Amino acid sequence: MTAQDVIEKARKIVIKIGSNTLAKPDGTINAEFMDSFAAECAALISRGKQVMVVSSGAQVAGLSTISGWAHKGDIHYRQALCAIGQVELMDKWREAFGRQGLHAAQLLLTKEDFMDSHRSLNIRNTLFTLVDEGVVPVINENDSVATDEVCIGDNDNLSALTAVLWSADLLILFSDIDGIYTDNPKTNENAQFVEIVDNITELQSRISINGKSSFGTGGISTKIEAAKKTTASGIPLILANGKKEKALEKLCCGELKATVFTADENALFKAIMGEK
């Protein structure tokens, strides 16, 4: 099954945009990308799809606004920077989706929200209401208040938790990599690209995982963790390079390289039977 096939079958789609995808080479926010991506989302919505966006980039947007804080590593400065940047980030998303005749809504979440049954039910109901009314939810972790105890830590896993909570049909992770390789293709010319992953445990036994992104908090390991969460709930996951021009459009047309983590077809049966 190709990425194009998976997208064609899906109606409810969560798309995660990583910090590296949103950032220009100088580390500032890429408004041009956001405009193009919003147009591609609008095209999906016009085809009857429902779309949610999990957007990193609060810190990137903050640095775009107050560049003098770039080298301040203190946690309080970083959380304050995210508070400033989140406003700028959502303003850019509001403008981008507004140019497509769409409204955007903000949800800032923490791990605690998913652990509490009342909160998670409220989130789920809010998400359903927004998408049913044609509004695009834009979700991020509430970095300004999150502590180690209630911090998800990366938006790969946040998007997976969101996809499961919303009972999505598909999660797309856009990062600055083409997908899964058996090793780092920048340092190993013999690294092989993995197009389909049917068994994540087997995949982990034969690939080398190194490093993480320069702007973001995730790496290959967090993407695999996210895939474990979604596929176990019967939701496939696509990992692709969001920095490619019109990446979403090309992914839908089968013109963009990607790794597809297939859903566990027995997930629903396992859940009913109480199996792991």
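Check the entry above for the structure.
Asks: Which residues make up the pattern of salt bridges, and what values do they have?
Replies: Under the counting rule described, the total for this entry stands at ten salt bridges. Among the salt bridges present, the one from R94 reaches E95, with a minimum N-O distance of 4.0 Å. The class of R94 is partly exposed, set by a relative accessible area of 48%. Classification of E95 by relative accessible area gives partly exposed; the value is 29%. Of the charged contacts, one joins R119 and E112 as a salt bridge, the two residues approaching to 3.4 Å between their closest N and O atoms. One continuous salt-bridge network, built from bridges that share partners, spans K16, D156 and K223.

Asks: Please set out the sheet that holds strand β2 (residues 50–55) residue by residue, giving values where relevant.
Replies: In a beta sheet, neighbouring strands pair by backbone hydrogen bonds and run either parallel or antiparallel. Read across the open sheet, the eight strands follow the order β3-β4-β2-β1-β5-β9-β10-β8; overall the sheet is mixed. Looking at strand neighbours, the two that pair on one side only are β3 (104–109) and β8 (196–197), the edges of this open sheet. Where β8 lies against strand β10 (residues 258–261), two bridges are found, and the strand directions are parallel. When the bridges of β10 are listed, I196 appears paired with V260.

Asks: Residues and numbers for the packing of helix α7 (residues 117–132) against helix α8 (residues 155–166), please.
Replies: It is at 10 Å that the axes of α7 and α8 come closest, and there the two elements cross at 80 degrees. Regarding the angle of α7 to α8, the classification is roughly perpendicular. For the pair α7 and α8, the contacting residues are S120, I123, R124, L127, F128 and V131 in the first and T162, L165 and W166 in the second. Here the residues of the contact of α7 with α8 are counted per class, giving six nonpolar, two polar and one charged.

Rules behind the numbers
- Residues numbered from 1 in each chain as written.
- Predicted model: local features only at pLDDT ≥ 70, side-chain atom pairs only at ≥ 80, totals over all residues.
- Heavy atoms only, no water.
- Salt bridge = Lys/Arg side-chain N within 4 Å of Asp/Glu carboxyl O.
- Buried < 20%, exposed > 50% of the residue type's maximum accessible area, 1.4 Å probe, protein only.
- Pairing = 2+ DSSP bridges.
- Helix = DSSP H or I, 4+ residues; strand = E, 2+ residues; numbered from the N terminus.
- Axes fitted to C-alpha atoms, helices over the stretch in contact; angles between N-to-C directions.
- Parallel < 35°, antiparallel > 145°, perpendicular 65-115°, else oblique.
- Contact = heavy atoms within 4.5 Å.
- Nonpolar A, V, L, I, M, F, W, Y, C, P; charged D, E, K, R; others polar.

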